[in-house]
Amino acid sequence: MTAPEQTAEEAKGSFTDQAWRMAIGHAAGCLVCRTPGVECETGRQLLGAYEEAIREARAEEIA
């Protein structure tokens, strides 16, 4: 399937998956993220973007 043929639902799923991969990929390679009790601003932003994508996807499922 080419990009123009993707449905809105597939695009949202793809965005959610991409946001998750970015967050988990960062956390896996970031020493700050892996240190208990320490907060990484980049990791927090990536996780926040993933959480927002999930909220939007769920809201659209309900509507």
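Below or above, wherever it landed, is the structure these notes cover. A quick note: this is a predicted structure, and the numbers were derived from the prediction, not measured.

1. Details of the layout of surface pockets
Quantified by volume, the largest pocket comes out at close to 240 Å³. Taken together, 14 residues make up the lining of the largest pocket; nearest its centre are Cys33, Cys40, Gly43, Arg44 and Leu47. Mapped onto the lining of the largest pocket, the elements with two or more residues apiece are helix 1 (8–29) and helix 2 (41–62). Considered class by class, the residues forming the lining of the largest pocket number eight nonpolar, three polar and three charged.

2. Description of helix 2
The first and last C-alpha atoms of helix 2 sit 32 Å apart over 22 residues, in line with the 32 Å expected at 1.5 Å per residue. Among the residues making up helix 2, those that are buried are Gly43, Leu46, Tyr50, Ala53 and Ile54. Buried residues of helix 2 fall within an arc of 95° about the axis and therefore sit on the same side. Exposed side chains of helix 2 directed beyond 90 degrees from the buried face belong to Gln45 and Ile62.

3. Let's talk about the side chain of Thr16
Here Thr16 shows up in helix 1. Residues contacting Thr16, with those up to four places away along its chain left out, are Tyr50, Ala53, Ile54 and Ala57.

4. Observations regarding a nonpolar patch on the surface
Taken together, the side chains of Trp20, Ile24 and Leu47 make up a nonpolar region of the molecular surface, amounting to roughly 270 Å² of accessible area. When you line up the elements, Leu47 lands in helix 2.

5. Looking at the pattern of salt bridges
All chains considered together, the criterion is met by two salt bridges. Of the charged contacts in the structure, one is a salt bridge between Glu52 and Arg55, with a shortest N-O distance of 3.0 Å. Placement of both Glu52 and Arg55 in helix 2 is noted, with a separation of three residues, approximately one turn of the helix. Taking the relative accessible area as the measure of exposure, Glu52 reaches 34% and is therefore partly exposed.

What counts as what
- Residues numbered from 1 in each chain as written.
- Predicted model: local features only at pLDDT ≥ 70, side-chain atom pairs only at ≥ 80, totals over all residues.
- Heavy atoms only, no water.
- 1 Å grid on protein atoms, 1.4 Å probe; cavity = no way out; pocket = protein on both sides within 12 Å on 5 of 7 lines; lining within 4 Å.
- Points joined across faces, edges and corners; volume = space filled by probe spheres on them.
- Helix = DSSP H or I, 4+ residues; strand = E, 2+ residues; numbered from the N terminus.
- Nonpolar A, V, L, I, M, F, W, Y, C, P; charged D, E, K, R; others polar.
- Expected span 1.5 Å × (residues − 1).
- Buried < 20%, exposed > 50% of the residue type's maximum accessible area, 1.4 Å probe, protein only.
- Arc of directions from axis to C-beta.
- Contact = heavy atoms within 4.5 Å.
- Patch = residues over 30% accessible without salt bridge, like charges linked within 9 Å, V, L, I, M, F, W, Y side chains within 5 Å.
- Areas by Shrake-Rupley, 256 points an atom, 1.4 Å probe, with all protein chains shown as cover.
- Salt bridge = Lys/Arg side-chain N within 4 Å of Asp/Glu carboxyl O.

Read these as spatial facts, not as claims about activity.
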